[in-house]
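If you want the building blocks of each chain, they are given just below.
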Amino acid sequence: MTFVGKKFPNLSVNAMNEMGDTFKINVLEEAQKNNKKVILFWYPKDFTFVCPTELLAFQSALGEFDKRNTIVIGASCDTAEVHFAWLNTSKDNGGIEGVTYPILADSNRNLASTLGILDITNEQYNDETGVVTVEGDNVTYRATYLIDEEGTVFHEGINHMPLGRNVNEYLRLIDAYTHVQEKGEVCPANWEEGKDAMTADRKGVASYLANHAN
């Protein structure tokens, strides 16, 4: 099920920050109440391998997201306490010390289940024992959601576990969507800030293609 074009689920989830505070975050309300865009990125597990490189990459780009009026939120199904331990582990030891944006602790998997991003397959119910079994780790794939100021999802993407994300691509997508919002134009393939966009009609695409033959 895709959430593009729909409101992000209205659910509150525990979160942890670098100060060790546990609090509730409702991603939909974060966008609407603050009149900001939100990037919510999910990763499989704390204390793993690709994951810290992503969290630190988003931290390095925090200023760029802030310039674009965008809130950064990380998320996994680990508990808030595990998040805090990871936040207090140095980079030399595989930790994410220095990360300052909040990280959701969706340990009951309410939000991840609603989004349909959990690594579970082959769910089976045993009539004799009443036990439900699944295959997979029951953790999230590398799912990413871009949400606008009204709480509407304008991008979602899911990577398999081994594939780290390109943070610059999300900055480009935010730039493109902001251009659409402000200029009323649409953004062609490989569009970047400062490049030509086009009007959403036959004249627009004809003119664009004529001037961008390659």
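Residues numbered from 1 in each chain as written. Predicted model: local features only at pLDDT ≥ 70, side-chain atom pairs only at ≥ 80, totals over all residues. Heavy atoms only, no water.

Some words on the sheet that holds strand S1 (residues 12-16)
A sheet is described by the order of its strands in space; here 7 strands give the open sequence S2-S1-S5-S4-S3-S8-S9, paired in mixed fashion. Two strands in the sheet have a free side with no partner beyond their single neighbour: strand S2 (22-26) and strand S9 (153-159). Across this sheet, the average inter-strand angle for adjacent strands is 30°, counted without regard to direction. Judged from the 6 bridges that link them, strand S3 (residues 37-42) and strand S4 (residues 70-76) form a sheet pairing that is parallel. Residue Lys37 lies in a different strand from S4, and its bridge partner there is Thr70. (Pairing = 2+ DSSP bridges. Helix = DSSP H or I, 4+ residues; strand = E, 2+ residues; numbered from the N terminus. Axes fitted to C-alpha atoms, helices over the stretch in contact; angles between N-to-C directions.)

Some details on the environment of Asn14
Here Asn14 lies in strand S1. Through-space distance from the C-alpha of Asn14 to that of Asn34 is 19 Å; in sequence the pair is 20 residues apart. Setting aside its immediate chain neighbours within four residues, Asn14 contacts Thr22, Phe23, Lys24, Ile103, Leu104 and Ala105. Within the structure, Asn14 has its side chain in polar contact with the side chain of Lys24 (distance 3.2 Å). (Contact = heavy atoms within 4.5 Å. Polar contact = N/O pair within 3.5 Å; in protein donor to acceptor, adjacent residues only side chain to side chain.)

Quick look at unusual backbone geometry
Excluding glycine, a negative phi dihedral is what most residues carry, and trans is how most peptide bonds are arranged. For Asn35, which is not glycine, the phi torsion reads 50° and is therefore positive. Among the secondary structure elements, Asn35 is positioned in the loop between helix H1 (27-34) and S3. Although it is not a glycine, Asn69 adopts a positive phi angle of roughly 60°. When you line up the elements, Asn69 lands in the loop between helix H3 (62-67) and S4.

Function cannot be read off these values alone, since they describe shape.
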